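Below are the chains, spelled out letter by letter.
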Amino acid sequence: MDIEKLRFGTELVKRGFAKMQKGGVIMDVTTPEQAAIAEDAGAVAVMALHKVPADIRASGGVARMADPKIIEEIMDAVTIPVMAKVRIGHYAEARALEAIGVDMIDESEVLTPADVFFHIDKRKFTVPFVCGARSLGEAVRRIWEGAAMIRTKGEAGTGNVVEAVKHMRIMNYSIQLVSKMDEEELRVLAENYARAYLRLTNTVCEEMKLPEVCTRNEPVYEEYTFEEIVEGIYEVLKEVKGLKRLPVVNFAAGGIATPADAAFMMQLGADGVFVGSGIFKSSNPEAYARAIVEAVQHYDEPEVVAEVSKNLGEPMKGLDVSQLEVQMQERGV
Amino acid sequence: MRIAVVGVQGDVEEHVLALKKALKNLKIDGEVVATRRKGVVEKSNAVVIPGGESTTISRLIWRDGIAEEILSLHEEGKPIMGTCAGLIILAKRGDEQVEKTRTKLLGILDVKVKRNAFGRQRESFEAEIDFKGIGKYKAVFIRAPIVEEVGENVDVLAKFEDKIVAVQQKNVLGLAFHPELTEDTRIHEYFIKMIE
């Protein structure tokens, strides 16, 4: 077989990997032991972290990529895929995780952003990426940048599902509107969405007291001009219109703490669920992990959701989102 | 005609769409049903186990009684197809990863499978293979298994380099790759033609 015919990291291979996770639960873990519990409970993948989001929130400071040694130990402990988080825009952290063989990278607002202007150009990587999104605009920008999976941002580490629900509802309603737009309206929307890539240009033009138009033919993000970005975003929007859904898998994440939370997110149209602090911050992680897996599979069967919710012990302690000092979801738009 | 797709986890919808398209190409009237509960597989003419995580899919089909329904369909000689994780679950024997995770297999395909045989996701790839009776086919391998050993009654339908990636034993078809991820429905058509 001609080696040139072997193609790694294509869009098909990346999006295909994400599709294999559908209907599944991806669990945050911080040790090989926790990873084994997650695998045993039926998780489709684990997210290897230094601290779960609730602890990141509690400890404050700068949250960075986890110690690669911990990630490697978790990779050795389980046979299911292992994901890990990098800071928004941090190419070097992402290259490091790709080098150790992580199966998917989460460019995540749960960590402190490394770049206030841009996300990583994920097309330049072999490993697939998942990114958070609160709205269709955020989702479409991440997909254009090459994300193979989208997840709601929710509000991580709170055990409060309200923000994830909000983001899923906003996404669904936006898609409903897009599906009825004509070509002209899609073009306008694409241009509106693409403006987020002009933040660096605008900052510099303002500092130099130059009119914005001087950058018309200059690349504004990686090698792309504004016109090319609008065109790319327009193509993604056309796909959204045709499919009446995102062209990549869309998971729920951020604040999911109970089997009923997970089932609710599936009812709202999530393709699967990330559970962060909800499992290993509960009083009985094994039972919670199994129950959430079952609730996701049987999300439309209330008797099953009720049954698996019995005698689980204490869920993680929740937080009122309006009282938070840091809203992680506001990072990376 | 009814074809069931085991829908507990994985790329279920992709198989449903590929099967519907294949039925249309063959001008056959039939329905394709994804199911997460028992009661559907037993009333079907064929069943597909999709790609996904074999550890998860195995756990859920045995717990919910879907596994037993697949086994009785097999006894009736009805076609069964497994892709990637589905291939692993059909197999008689697995490697140390399958054993370590205590993944319970259906054992209706006399092969030994090796999980994640090419490595991790960064080693996942697309390549052209030669599929017996079909010809050149673009195959997508995602953390794919391979077949390491085959029993006497197992036909090898495709290899990638020297590795076995598609096999058939009478009514049971096992693929290491994902025909449901591409637009090419020839393998789904081949499977539908196995239905008597």
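Residues numbered from 1 in each chain as written. Chains lettered and ligands numbered in written order. Predicted model: local features only at pLDDT ≥ 70, side-chain atom pairs only at ≥ 80, totals over all residues. Heavy atoms only, no water.

J.: Report on the overall build of chain B, specifying residues and quantitative values.
T.: Assigned secondary structure in chain B consists of six helices and 12 strands. Over its C-alpha trace chain B gives a radius of gyration of 15 Å, about what one expects of a compact globule, namely 16 Å for 196 residues. Along the first, second and third principal axes, the C-alpha set of chain B runs to 40 × 35 × 35 Å. Scored against the burial criterion, the 196 residues of chain B give a buried share of 63%. Taken as a whole, chain B presents about 7500 Å² of accessible surface, with 44% of it coming from carbon and sulfur. When the 31 basic and 31 acidic side-chain charges of chain B are each reduced to a single mean position, those positions are 3 Å apart. (Helix = DSSP H or I, 4+ residues; strand = E, 2+ residues; numbered from the N terminus. Rg over C-alpha atoms; globule rule 2.2 N^0.38 Å. Buried < 20%, exposed > 50% of the residue type's maximum accessible area, 1.4 Å probe, protein only. Areas by Shrake-Rupley, 256 points an atom, 1.4 Å probe, with all protein chains shown as cover. Lys, Arg positive; Asp, Glu negative; His and termini not counted. Charge placed at Lys NZ, Arg CZ, Asp CG, Glu CD.)

J.: Describe the packing of aromatic side chains, and please don't skip the residues or the numbers.
T.: Within the structure shown, the criterion is met by 20 aromatic pairs over all chains. Consider the rings of F117 of chain A and F118 of chain A, whose centres lie 6.3 Å apart with planes at 50°: the pair is tilted. Given a relative accessible area of 25%, F117 of chain A falls into the partly exposed group. Above the ring of W62 of chain B, the side-chain terminus of K104 of chain B is found at 4.0 Å from the ring centroid. (Phe/Tyr/Trp six-rings, centres within 6.5 Å; stacked < 30°, edge-to-face > 60°. Lys NZ or Arg CZ within 6 Å of the ring centre and 35° of its normal.)

J.: Please give an account of the side chain of E53 of chain B that cites residues and values.
T.: Tracing the backbone shows E53 of chain B in the loop between strand 3 (46–49) and helix 2 (54–63). Its relative accessible area of 7% is what places E53 of chain B among the buried residues. A distance of 3.5 Å separates polar atoms of two side chains, one belonging to E53 of chain B and the other to R115 of chain B. Those residues within four positions of E53 of chain B in sequence are excluded, and the remaining contacts are M20, Q21, V44, I80 and P81 of chain A together with Q9, A85, R115 and R143 of chain B. (Polar contact = N/O pair within 3.5 Å; in protein donor to acceptor, adjacent residues only side chain to side chain. Contact = heavy atoms within 4.5 Å.)

J.: Please provide a residue-by-residue account of the interface of chain A and chain B, values included.
T.: Interfaces are often sized by the amount of accessible area the parts lose when they come together. Contact with chain A, which involves 46 residues of that partner, is made by 42 residues of chain B. In this assembly, chain A packs against chain B so that about 3600 Å² is buried in total across both faces, 51% of it on carbon and sulfur atoms. Our count for the contact surface shared by chain A and chain B stands at 11 salt bridges. The partner of R63 of chain B in a salt bridge is E294 of chain A, and the shortest N-O contact between them spans 2.9 Å. Of all the elements in the fold, those that place two or more residues in the side of chain A that touches chain B are strand 1 (7–8), helix 1 (11–19), helix 2 (32–41), helix 4 (68–77), helix 5 (91–100) and helix 13 (285–297) of chain A. Residue composition of the side of chain A that touches chain B, by class: 21 nonpolar, 12 polar and 13 charged. (Buried area = accessible area lost by both parts, 1.4 Å probe. Salt bridge = Lys/Arg side-chain N within 4 Å of Asp/Glu carboxyl O. Nonpolar A, V, L, I, M, F, W, Y, C, P; charged D, E, K, R; others polar.)

J.: For the environment of K21 of chain B, give the residues involved together with the corresponding values.
T.: All names here are of chain B. Residue position: K21 is located in helix 1 (residues 12–25). Along the chain, K21 and S44 lie 23 residues apart, while their C-alpha atoms are 18 Å from each other. Not counting the four nearest positions on each side in its chain, K21 is found in contact with E183 and T185.

J.: Could you give me a rundown of the sheet that holds strand 10 (residues 249–251) of chain A, with the residues and numbers involved?
T.: Residues and elements named next belong to chain A. The strand order across the open sheet built from eight strands is 10-7-6-5-4-3-2-11, with neighbouring strands paired in parallel fashion. Across the chains shown, the open sheet's two edge strands, defined by having one partner strand only, are strand 10 and strand 11 (273–275). With direction set aside, neighbouring strand axes in the sheet form an average angle of 30°. Bridge count between strand 6 (residues 129–133) and strand 7 (residues 149–152): four bridges; the pairing is parallel. Opposite A133, over in strand 7, you have T152 as the bridge partner. (Pairing = 2+ DSSP bridges. Axes fitted to C-alpha atoms, helices over the stretch in contact; angles between N-to-C directions.)

J.: Account for helix 6 (residues 136–144) of chain A, with residues named and values stated.
T.: All names here are of chain A. Burial analysis of helix 6 places nine of its nine residues in the buried class, which makes it a mostly covered element. When we look at burial in helix 6, the residues that qualify are L136, G137, E138, A139, V140, R141, R142, I143 and W144. Phi for G146, located one or two positions after helix 6, is positive at around 110°.

J.: Account for the pattern of salt bridges, naming residues and giving values.
T.: Within this structure, the stated rule accounts for 49 salt bridges over all chains. E98 of chain A serves as the salt-bridge partner of R95 of chain A, at 2.7 Å between the closest nitrogen and oxygen. Taken as a pair, R95 of chain A and E98 of chain A lie in helix 5 at a separation of three residues, close to a single helical turn. Here R95 of chain A falls in the partly exposed class, since its relative accessible area comes to 37%. In this structure E98 of chain A comes out as buried when scored by relative accessible area, which is 12%. Across the pair E149 of chain B and R93 of chain B runs a salt bridge whose closest N-O atoms are separated by 3.2 Å. Of this pair, E149 of chain B sits in strand 9 (residues 146–150) while R93 of chain B sits in strand 5 (residues 91–94); the two residues are 56 residues apart in sequence, bridging distant segments of the chain. Several salt bridges share partner residues, and in doing so they unite D121, R123, K124, E222 and E223 of chain A into one network.

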